[in-house]
Amino acid sequence: MSLHSELGVQKEYSPNDAQNAVFMSSYLDSLVLVERLHRLLLDVIKDEFERLGVIEINPVQALLLFNVGEAEVTAGELKTRGYYQGSNVSYNLKKLVEGGYMHHQRCGVDRRSVRVRLTEKGRRVSEIVSKLFANHADGLQGRGVVDLNGMETITASLKRIERYWADQIRYIY
């Protein structure tokens, strides 16, 4: 079998080319799925909060509260952990402090840095998200959507892709 290049010159179609094309197609499909899953996660959180009548915070803010948990962190630490982008963190932390979901305090050493931790109100939101995720985990297993081995395989693969992308940022630019 042969392929025509852009110049109209024929070249042999090697099995490696076919494998690369299939891999590329699968890679692009997975990128779309990762993006779609993130949006769906936010929609699921939004629906849960609407069902419970919690409408004063958005899904990104609820996820931020969940990710902070019992820790005391800076906005920079949240960005370093890879959860959020710069302006996104600053805006949402400000809104959460104003809404009484987080305490904030200037660091003694670096006065430019602010440390945040959850208030009782913020811990309640974090607990709602935690219960939602626990229900999802039970449902995924109970309905046979994915088992422990499958979840570990997915997670390991995503971590390898994350490392690869992080290396691209660090070493290419």
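Residues numbered from 1 in each chain as written. Predicted model: local features only at pLDDT ≥ 70, side-chain atom pairs only at ≥ 80, totals over all residues. Heavy atoms only, no water.

1. A word on the environment of Phe133
Argument step 1. Secondary-structure assignment places Phe133 in helix 5 (residues 120-142).
Argument step 2. Sequence separation between Phe133 and Ile45 is 88 residues, and the spatial gap between their C-alpha atoms is 9.4 Å.
Argument step 3. The residues contacting Phe133, other than those within four sequence positions of it, are Leu41, Ile45, Leu63 and Phe66. (Helix = DSSP H or I, 4+ residues; strand = E, 2+ residues; numbered from the N terminus. Contact = heavy atoms within 4.5 Å.)

2. Here we look at helix 2 (residues 59-68)
Argument step 1. Burial analysis of helix 2 places 7 of its 10 residues in the buried class, the great majority of the element.
Argument step 2. What helix 2 keeps buried is the set Pro59, Gln61, Ala62, Leu63, Leu64, Leu65 and Val68.
Argument step 3. A distance of 3.0 Å separates the backbone nitrogen of Val60 from a side-chain oxygen at the start of helix 2, and that oxygen is part of Asn58.
Argument step 4. Gly69 occupies a position one or two residues after helix 2 and carries a positive phi of about 55°. (Buried < 20%, exposed > 50% of the residue type's maximum accessible area, 1.4 Å probe, protein only. Polar contact = N/O pair within 3.5 Å; in protein donor to acceptor, adjacent residues only side chain to side chain.)

3. Section: the sheet that holds strand 3 (residues 73-74)
In any sheet, the strands associate via hydrogen bonds between backbone groups, in a parallel or an antiparallel arrangement.
Argument step 1. The sheet built from 3 strands is open, its strands ordered 3-5-4 with antiparallel pairing. Bordering the open sheet on either side are strand 3 and strand 4 (102-106), each of which pairs with just one other strand.
Argument step 2. Bridge analysis of strand 4 against strand 5 (residues 114-118) gives 5 bridges, and the strand direction is antiparallel. Bridge pairing in strand 5 places Gln105 opposite Arg115.
Argument step 3. Contacting strand 3, strand 4 and strand 5, helix 2 runs over the sheet at an angle of about 65° to strand 4. (Pairing = 2+ DSSP bridges. Axes fitted to C-alpha atoms, helices over the stretch in contact; angles between N-to-C directions.)

4. Side note on a nonpolar patch on the surface
Argument step 1. Together, Val34, Leu140, Val145, Met151, Ile154, Leu158, Ile161, Tyr164 and Trp165 make up an exposed nonpolar region whose accessible area comes to about 780 Å².
Argument step 2. Element by element, the count of residues in the nonpolar patch is highest for helix 6 (residues 148-172), at 6 residues.
Argument step 3. Along the chain, the position of Val34 falls in helix 1 (residues 15-52). (Patch = residues over 30% accessible without salt bridge, like charges linked within 9 Å, V, L, I, M, F, W, Y side chains within 5 Å. Areas by Shrake-Rupley, 256 points an atom, 1.4 Å probe, with all protein chains shown as cover. Salt bridge = Lys/Arg side-chain N within 4 Å of Asp/Glu carboxyl O.)

5. Some words on the packing of helix 2 against helix 5
Argument step 1. The geometry of helix 2 relative to helix 5 is characterised by a closest axis approach of 8 Å and an angle of 95° between their N-to-C directions. Put simply, helix 2 runs roughly perpendicular to helix 5. Seen from helix 2, the contacting residues are Ala62, Leu63, Leu65 and Phe66; seen from helix 5, they are Gly122, Val125, Ser126, Val129, Ser130 and Phe133. (Parallel < 35°, antiparallel > 145°, perpendicular 65-115°, else oblique.)

6. Structural notes on the pattern of salt bridges
Here the idea is simple: oppositely charged side chains can pair when their charged atoms come close.
Argument step 1. Enumeration according to the criterion identifies 8 salt bridges in this entry.
Argument step 2. Between Glu48 and Arg51 there is a salt bridge, with the nearest N and O atoms lying 2.8 Å from each other. A residue pair is termed a helical-turn pair when its members lie 3 or 4 positions apart in one helix, as Glu48 and Arg51 do in helix 1 at 3 residues.
Argument step 3. Put simply, Glu72, Glu77 and Arg115 are held in one network by salt bridges that share partners.

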